[in-house]
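# Per-entry structural report
Listed here are the chains, written in short residue letters.
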Amino acid sequence: MTATLEKVPAQPAGTFATPGRRRRSRTGLPLRAPSGLSLGLVVLWLSLLVLLPLAAVVGKAFGSGWHGFWSAITNSVTADALKLSIGLALAAALVNALLGTLVAWVLVRDRPRGGGAFELVIDIPFALPTIVAGVVMLALYGSNGVGPTLFGTWLGLFITLLFVTLPFTVRTVQPVLLDLDKDAEQAAASLGARPATVFRRIVLPQIVPAVASGATLSFARALGEYGSLVLISSNLPHHNLIVSSLIYGKLQDTSSHATQQAAAIATVLLVVSALVLVALDLLQRRIARRG
Amino acid sequence: MGIEVRGIAKRFGDFVALDDVDLRVQSGALTALLGPSGGGKSTLLRIVAGLEKPDAGSVEIDGQDATRLAPRHRDVGFVFQHYAAFTHLSVFRNVAFGLEIRKRPKDEIRRRVYELLELVHLEQFADRLPAELSGGQRQRMALARALAVEPKVLLLDEPFGALDAKVRKELRDWLRRLHDEVHVTTVFVTHDQEEALEVSDEIVVINNGRIEQVGSPDDLYDKPGNQFVMSFLGPVTTLSGRLVRPHDIEVFTVPADDAVRAQVNRLQRVGFEVRAEMVTGTDAATTVQLTRGQSEALNLTEGVAVWLRPVPNSTGLTV
């Protein structure tokens, strides 16, 4: 049967006309004394804690000019280490975004028997000191380990990174999934959406900010990971030397420009982290808006 | 045409939500499923929509067996108590959702969505997010969204349950008028007997997983099949061992045929009406509802003796 649509008379409840889109505008009120004080405190705190150290590193990196900076990061050993670390961190972030979301989904929606045990297992990498994680990996994948020998291989490094970053996406996505309105998914289904469409258009846009923030955390952690990797890697330049290990090595080095070179490499990591942060945020906004 | 369910049963663990329910819903009618919470009415509605699987029985929608169909293949519009808005999408995109799924041309979607937004008086809110609407507006958006796909049946689960009393009443009148315009077979769940009596063409009273009675609002009010239906649809009191309506009792100040003697225990005035609590020999207490004028004409005061009898041909059930 077809529904004929005509305007129903009489105005229903709660219609107050404010046409068009509204934009949040600044109120323009001056700050009151207490809020001015607390704002000042926050700025001071952030400056001392974050901005000052960052500025110091960047300053040090350019201590012998642009040329010194450029040669420090473009020499083949550094470039290879940077490529390896950034590549591994990106891959770990990607895998975590997918599998971490899946783990969170299963825990929230399927409520498996022994879910409590799962929760505990997921948190273990958080609780372990990283050097212990390194020993664990060595016991499994080392040359005398019980598992296949992955000592010094990219795969070994990658698995170790996945181990230490496992909880990030799970723990950011889980609470958002718990909060989702299941009625909305059922409404979409009754409007004709197949399950995959419901996920893509209703669930995904709502969880993608959490997935992105989990992936960002994973990436940052993986990029700077040292303790757990230094044991499973043989720290061979061009082969399996990761960038955090390289920075450590530079600092042990007594040659004249070593500290400046370490700061230059650190600055690159800083910029890459910031770029990934911005890129994931943009991506996340895009998906959340699309629906 | 319409909806036909046969032998529907549903348990949640040990709890029997529905027990062998048969029901025919007429095509084009506005039907209320009325009953106390936990009685099974929402479960029945969700089974018709395919959102819940029955343990036994069959569902037919518009002459087609739908028992095993997924919700998306049932051509059903569903409106939830708590709106189930797509919070990340604008009002326009919410209403357009079902049409986008059906891959209708862009300009057709646009035309149809604005037609519906006009129908539910939300045309100036098209670009808002659901969070920027009031509860009543959100529910009207949900209704437009459900109607957009031209469903064979429209199902509403306590649609006004989350709204305050005033908005609730307005939306109720508005739903009735909307139905008179759109004529889509509509079933709504409510626990509010006033809502059911006021809005629907037919009422199905459900309690403890069973259908107690089906009929027009007047039928159910005037000829209730049992005590549950009688007491659920309106106020009741007992007089001489019979269940009667408090407004169906005649009061005399002198003895009359078949009238029982009683004493006025308490008088309470509520606006234009007066509620009198009477004590007879046989009943615990009989409540009588009078107009203020009646009460004054009889000169009722607490403690006086009166004689009571049911209004001739009024509704009554032996307790």
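These lines cover the structure that appears in this document, whether it is placed above or below. (Residues numbered from 1 in each chain as written. Chains lettered and ligands numbered in written order. Predicted model: local features only at pLDDT ≥ 70, side-chain atom pairs only at ≥ 80, totals over all residues. Heavy atoms only, no water.)

### Quick word on the side chain of His179(B)
All names here are of chain B. Convention followed: Where helices and strands are cited, they refer to DSSP runs of H or I of at least four residues and of E of at least two residues respectively, numbered from the N terminus. To sort residues, take the accessible area from a 1.4 Å probe on protein chains only and compare it with the maximum for the residue type: under 20% means buried, over 50% means exposed, and anything in between is partly exposed. What qualifies as a polar contact is a pair of N or O atoms within 3.5 Å, subject to a donor-acceptor requirement within protein and to the restriction that residues adjacent in sequence count only when both atoms come from side chains.
As for its placement among the helices and strands, His179 is situated in helix 5 (residues 165–182). Judged by relative accessible area, which is 5%, His179 ranks as buried. At 3.2 Å, the side chain of His179 and the backbone oxygen of Gly28 are in polar contact.

### Focus: the nonpolar core
Applicable threshold: Joining through side-chain atoms within 4.5 Å is the link that ties buried Ala, Val, Leu, Ile, Met, Phe, Trp, Tyr and Cys residues into a set, and such a set is a nonpolar core.
Leu82(A), Leu157(A), Leu177(A), Phe219(A), Leu223(A) and Val272(A) are the most contacted members of the largest nonpolar core, which totals 51 residues. Of all elements in the fold, only helix 2 (65–74), helix 3 (76–110), helix 5 (130–141), helix 6 (154–179), helix 8 (195–224), helix 9 (229–232), helix 10 (243–252) and helix 11 (258–290) of chain A reach the threshold of two or more residues within this core. Here this core gets twelve residues from one element, more than from any other, and that element is helix 3 of chain A. By size, the runner-up hydrophobic cluster in this structure holds 48 residues, among which are Leu99(B), Leu117(B), Ala126(B) and Leu156(B).

### Things to note about the packing of aromatic side chains
So the rule is basically this: Note on aromatic pairs: the rings of Phe, Tyr and Trp (six-membered ring only in Trp) are paired at centre separations within 6.5 Å, and the planes decide the class, stacked below 30 degrees, edge-to-face beyond 60, tilted for the rest. Two thresholds decide whether a charge sits over a ring: the Lys NZ or Arg CZ must be within 6 Å of the ring centre and within 35 degrees of the ring normal.
According to the stated counting rule, one finds eleven aromatic pairs over all chains in the structure shown. When the centroid spacing of 4.7 Å and the interplanar angle of 50° are considered together, the rings of Phe78(B) and Phe80(B) count as tilted. Phe78(B) gets classed as buried once you look at its relative accessible area, which sits at 3%. Taking the ring centre of Trp105(A) as reference, the NZ or CZ of Arg109(A) above it sits at 4.8 Å.

### What to know about the pairing of strand 13 (residues 249–252) of chain B
Residue and element names in this part refer to chain B. Note the cut-off: Strand pairing follows a simple DSSP-based rule, namely that at least 2 bridges must link the two strands.
The two faces of strand 13 differ: Ile249 and Val251 on one face are buried, but Glu250 and Phe252 on the other face are not. Across four bridges, the pairing between strand 13 and strand 17 (residues 305–310) is antiparallel. Across the sheet, residue Glu250 finds its bridge partner in strand 17, namely Arg309.

### Remarks on the pattern of salt bridges
Residues and elements named next belong to chain B. The condition that has to hold: In the sections that follow, a salt bridge refers to a side-chain nitrogen of Lys or Arg positioned within 4 Å of a carboxyl oxygen of Asp or Glu.
In this structure the tally under the stated criterion is 32 salt bridges over all chains. Arg112 is paired through a salt bridge with Glu150; the nearest N and O atoms lie 3.7 Å apart. Here Arg112 is found in helix 3 (residues 106–119), whereas its partner Glu150 is found in the loop between helix 4 (135–148) and strand 7 (153–157), with 38 residues between them in sequence. Arg112 gets classed as buried once you look at its relative accessible area, which sits at 11%.

### Some points on unusual backbone geometry
Residue and element names in this part refer to chain B. If you check the backbone angles, Ala84 has positive phi at about 50° while not being a glycine. Looking at the element boundaries, Ala84 is found in the loop between strand 6 (76–79) and helix 2 (91–101). A positive phi angle, near 45°, is found at Glu158, a position not held by glycine. Positionally, Glu158 belongs in the loop between strand 7 and helix 5. Assessed through its relative accessible area of 10%, Glu158 is described here as buried.

### Regarding a nonpolar patch on the surface
Residue and element names in this part refer to chain A. Rule in force here: Patches in this entry comprise residues that are over 30% relatively accessible and not in a salt bridge; like charges within 9 Å are linked, as are nonpolar side chains (Val, Leu, Ile, Met, Phe, Trp, Tyr) within 5 Å. Each accessible area is a Shrake-Rupley result for a 1.4 Å probe, and residues are judged covered by the shown protein chains and nothing else.
A cluster of nonpolar side chains, Val42, Trp45, Leu46, Leu49, Val50, Leu51, Leu54, Leu270, Val271 and Leu275, forms an exposed patch at the surface whose accessible area comes to about 910 Å². Of all the secondary-structure elements, those providing two or more residues to the nonpolar patch are helix 1 (33–61) and helix 11. It is helix 1 that provides the largest number of residues to the nonpolar patch, a total of seven residues. Take Val50: it is sitting in helix 1. Residue Val50 is classed as partly exposed on the basis of its relative accessible area of 39%.

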